[in-house]
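# Overview (structure and organization)
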Amino acid sequence: MTQPVSPQQQFRSARSGRNVVPGWTTLVPGQPDTVEVQLDVDAADLGREQALLLVEYWATPEDVTLQSIVPVRAFRSAPEGWCLFVPSQGRVLLRAIDPQPAPPVLASHWLNIEPGTQPGTVVSVSVKFPVSGDTVPSGNLPLNN
């Protein structure tokens, strides 16, 4: 599902052409990467200097398997976008963080990947930070999938 662009460059999704966040392949030995999670940051947020996405994969409820920080500025330099690959089981936790505004933006969203999810499934996650000064009502996050 991935292919190297060159020996010195990032892997890219063979399906979407997106860059794969480093380390986000072969997360669980013996289980193929069958689900592509595409990360899309709203164009209005690409100018944020301090914003980032914290992405975690939990193969089991007890242990975090992998955790990565993806700065929003990485999306400016990769117009094709970013993605990650996970097996068809477990949970992905996405957190949108921007410490710069007052109060800071902190939001999270879980993706549950059910066992038996069809290989080749693509999940698109759109991230839109609230405008400075906006409040996010309880239970509503700026992450949508």
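Residues numbered from 1 in each chain as written. Predicted model: local features only at pLDDT ≥ 70, side-chain atom pairs only at ≥ 80, totals over all residues. Heavy atoms only, no water.

Attention now goes to unusual backbone geometry. Cis geometry is adopted by the peptide bond preceding Pro-103, which originates at Ala-102 and carries an omega value of -5 degrees. Relative to the helices and strands, Pro-103 is located in the loop between β8 (90-98) and β9 (105-113). Phi at Thr-26 is positive, roughly 50 degrees, even though this residue is not glycine. Position of Thr-26 relative to the elements: it lies in the loop between β3 (19-20) and β4 (35-41). (Helix = DSSP H or I, 4+ residues; strand = E, 2+ residues; numbered from the N terminus.)

Moving on, we come to the nonpolar core. In this structure, Trp-24, Leu-39, Leu-53, Val-55 and Val-86 are the most contacted members of the largest nonpolar core, which totals 34 residues. If you list the elements that add at least two residues to this core, you get β4, β5 (52-58), α1 (73-76), β7 (82-86), β8, β9 and β10 (121-127). The element contributing the most residues to this core is β7, with five residues. For Val-86, the residues in contact, after removing those within four places along its chain, are Trp-24, Leu-27, Pro-32, Asp-33, Thr-34, Val-35, Val-37, Tyr-57, Val-92 and Ile-113. (Core = buried A, V, L, I, M, F, W, Y, C linked by side-chain atoms within 4.5 Å. Buried < 20%, exposed > 50% of the residue type's maximum accessible area, 1.4 Å probe, protein only. Contact = heavy atoms within 4.5 Å.)

This part covers the pattern of salt bridges. Side chains that carry opposite charge are capable of pairing whenever their charged atoms lie near each other. What the rule picks out here adds up to seven salt bridges. With its nearest N and O atoms 3.8 Å apart, the salt bridge here joins Arg-12 to Glu-80. Residue Arg-12 is found in strand β2 (residues 11-13), and its partner Glu-80 is found in the loop between α1 and β7; the two are separated by 68 residues along the sequence. On the basis of relative accessible area, Arg-12 is assigned to the partly exposed category, the value being 28%. Across the pair Asp-40 and Arg-18 runs a salt bridge whose closest N-O atoms are separated by 2.8 Å. Linking Asp-40 in strand β4 with Arg-18 in the loop between β2 and β3, this pair joins segments that are 22 residues apart in sequence. Accessibility expressed as a relative area gives 10% for Arg-18, which makes it buried. The network of salt bridges with shared partners includes Asp-45, Arg-48 and Asp-98. (Salt bridge = Lys/Arg side-chain N within 4 Å of Asp/Glu carboxyl O.)

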